[in-house]
Amino acid sequence: MSDTALDVHISPERLLDDLRADVRQGLTASPKWLSPKWFYDAAGSELFEQITELPEYFPTRTERALIKAHAYDIAERTDAAILVELGSGSSDKTRLLLAAGTKHGSLRKYVPQDVSPSALTGAIEQLSQEFPALEIQGIVSDFTDTLHNLPADGRRTIAFLGGTLGNLVPDERAIFLADIAQALVADEFLVLGVGLVIDPDVLVPAYDDSIGTTAEFNRNVLSVLNSRLGADFDPEKFEHVALWNSEAEWIEMRLRAKGTQHVRIDDLDLDVTFEDGEELRTEISAKFRRDGIEQELVDAGFRIDEFWTDPQDRFALILARRAPSAPVRG
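Everything numeric here is computed off the predicted structure, so don't read it as measured data.

> Would you mind going over helix H6 (residues 170-183) with me for this structure?
Residue pairs spaced three or four apart in an α-helix point in one direction, given the helix's 3.6 residues per turn. The terminal C-alpha atoms of H6 lie 20 Å apart, and with 14 residues this matches the ideal 20 Å at 1.5 Å per residue to within 8%. Every buried residue of H6 is listed here: Arg-173, Phe-176, Leu-177, Ala-178, Ile-180 and Ala-181. Looking at the buried side of H6, the elements it contacts are strand E6 (156-160), strand E7 (189-195), strand E12 (279-286), helix H9 (290-300), strand E13 (302-309) and strand E14 (315-322).

> Please explain the environment of Ala-320 as it appears in this structure.
By the element assignment, Ala-320 lies in strand E14. Sequence separation of Ala-320 and Glu-249 is 71 residues, and the distance between their C-alpha atoms is 23 Å. Those residues within four positions of Ala-320 in sequence are excluded, and the remaining contacts are Glu-188, Phe-189, Leu-190, Leu-297, Phe-302, Arg-303, Ile-304 and Asp-305.

> Quick question: what am I supposed to make of the pairing of E12 here?
Every other side chain in a regular strand lies on the same face of the sheet, so the side chains alternate between the two faces. Counting buried residues in E12 gives 7 out of 8 residues, a clear majority hidden from the surface. The pairing of strand E2 (residues 32-33) with E12 spans 2 bridges and is parallel. In the strand pairing of E12, Trp-33 is matched with Arg-281. In terms of strand pairing, strand E9 (residues 250-257) meets E12 through 7 bridges, oriented antiparallel. For Ile-251, the partnering residue across the bridge sits in E12 and is Ser-285.

> I would appreciate a short explanation of the packing of aromatic side chains in the present structure.
Aromatic ring pairs: the centre-centre distance and the angle between the two ring planes describe each pair. Tallied over the entire structure, the rule returns 11 aromatic pairs. One aromatic cluster in this structure is built from Phe-39, Tyr-40, Phe-48, Tyr-57, Tyr-207 and Phe-217. Geometry around Phe-274 places Lys-32 over its ring, the cationic atom sitting 5.0 Å from the centre. Between the NZ or CZ atom of Arg-314 and the centre of the ring of Phe-58, over which it lies, the distance is 4.8 Å.

> Looking at this model, I keep getting lost on the UniProt feature "domain: Histidine-specific methyltransferase SAM-dependent" (unreviewed entry) in the protein. Mind explaining?
When the UniProt feature table is mapped to this numbering, "domain: Histidine-specific methyltransferase SAM-dependent" (unreviewed entry) covers residues 20-321. The distance from the first to the last C-alpha atom of residues 20-321 is 37 Å, and the span holds 37% helix and 26% strand.

> What exactly am I supposed to notice about the nonpolar core here?
In this structure, Val-23, Leu-27, Tyr-207, Leu-225, Phe-233, Ile-265 and Phe-274 are the most contacted members of the largest nonpolar core, which totals 41 residues. If you list the elements that add at least two residues to this core, you get helix H1 (12-27), helix H2 (42-51), helix H7 (200-206), helix H8 (213-229), strand E8 (238-245), E9, strand E10 (261-265) and strand E11 (270-274). Here this core takes 5 residues from H8, the largest share from any one element. If sequence neighbours within four positions are ignored, Phe-274 has contacts with Leu-27, Lys-32, Phe-233, Phe-238, Ala-257, Gly-259, Thr-260, Gln-261, Val-263 and Leu-280. Among the nonpolar cores identified, the runner-up in size contains 35 residues, and Val-111, Ala-178, Trp-250 and Ile-318 belong to it.

> Looking at this structure, how should I read the sheet that holds E2?
Sheet strands associate in pairs through backbone hydrogen bonding, adopting either a parallel or an antiparallel arrangement. Spatial strand order, E2-E12-E9-E8: 4 strands in an open sheet with mixed pairing. Among the strands making up the open sheet, the edge pair consists of E2 and E8. Sheet strands in contact with H8 are E8, E9 and E12, and its direction is about 65° off that of E9.

> What am I meant to see in empty space enclosed by the protein here?
Where empty space is left in the structure can be found by rolling a water-sized probe over the atoms. As enumerated under the stated definition, the model contains 2 cavities of 30 Å³ or more in all. The calculated volume of the largest cavity comes to roughly 110 Å³. Surrounding the largest cavity, Ala-71, Ile-74, Ala-75, Thr-78, Ala-80, Leu-83, Leu-97, Gly-101, Ser-106, Leu-107, Thr-157 and Val-191 form its lining. Of all elements in the fold, only helix H3 (59-78) and helix H4 (94-104) reach the threshold of two or more residues within the lining of the largest cavity. If one sorts the elements of the lining of the largest cavity by residue count, H3 sits on top with 4 residues. Residue composition of the lining of the largest cavity, grouped by class: 8 nonpolar, 4 polar and no charged. If you add up the space inside the second largest cavity, you get close to 30 Å³. Lining of the second largest cavity is provided by Phe-58, Pro-59, Gly-195, Leu-196, Leu-203, Tyr-207, Lys-287, Arg-314 and Phe-315.

Conventions adopted
- Residues numbered from 1 in each chain as written.
- Predicted model: local features only at pLDDT ≥ 70, side-chain atom pairs only at ≥ 80, totals over all residues.
- Heavy atoms only, no water.
- Helix = DSSP H or I, 4+ residues; strand = E, 2+ residues; numbered from the N terminus.
- Expected span 1.5 Å × (residues − 1).
- Buried < 20%, exposed > 50% of the residue type's maximum accessible area, 1.4 Å probe, protein only.
- Contact = heavy atoms within 4.5 Å.
- Pairing = 2+ DSSP bridges.
- Phe/Tyr/Trp six-rings, centres within 6.5 Å; stacked < 30°, edge-to-face > 60°.
- Lys NZ or Arg CZ within 6 Å of the ring centre and 35° of its normal.
- UniProt positions renumbered as here; feature names shortened; annotations may be inferred.
- Core = buried A, V, L, I, M, F, W, Y, C linked by side-chain atoms within 4.5 Å.
- Axes fitted to C-alpha atoms, helices over the stretch in contact; angles between N-to-C directions.
- 1 Å grid on protein atoms, 1.4 Å probe; cavity = no way out; pocket = protein on both sides within 12 Å on 5 of 7 lines; lining within 4 Å.
- Points joined across faces, edges and corners; volume = space filled by probe spheres on them.
- Nonpolar A, V, L, I, M, F, W, Y, C, P; charged D, E, K, R; others polar.

Next comes the structure, spelled out in structure tokens:
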């Protein structure tokens, strides 16, 4: 079994404080919103795993196929000793990169990062058995505030998969990508998975499946607020909505009140009213055009080495190299 460690850089108390701040800010805004990072309690994580198996939800299997096809290309090109994964979750697709890296012979350490200690612990236990020669160092943190915690004792590649970059608005993406570039040194790499702009008639059902699993996942965020903040939401009184914002080129997931709702959040001493039909935005999932995401990466301080897509051009796997002259932020 491999050497393993779990470094905690964000405490349960800090997470709860962050939840309180986000919920107060989002539910007193107009229009109302919540951050998608609060979807992923144990029930939410299980529901998302179910979503990835649905016929309508193509991103996960499409990205997995791209990684499978190009994992050894990535291992050869990057020659990484350390693979860091931001927002690792179950590390399922990453196994392909780990297998390729160990086969190539350069990879000696895997650093999965996630906000959930339980998700990391479970993944690390499985991976330590599958890859006994690999050192595994888990990091519990928020991926937007963790780059200064990354190890620097070998040549690194950072993986950010699953289209999660699309959960950030453009200004947040610019800062985040620039921070990744600054955390790397010249000729270290970023492996990035992003969804592409496609026909909304194909895209929207991926976020609004026929059997209602995504709807249950979306409403579960209200259950998180009930259990963690003493709120009294009735999730069944909110309808799941997924729509394509053609101007911003992103999917929006919302919860629409079915009738007027009066909600008490004890932990915040906050009362919130939802009018009949009022919508609460719970997630954006931006989709990209090739020239747009390439320019965002160049602006952040990367050069594009490879841009792989599936035959239907629904998803892209990008290999980007940290440029020697990456701009310094701040």
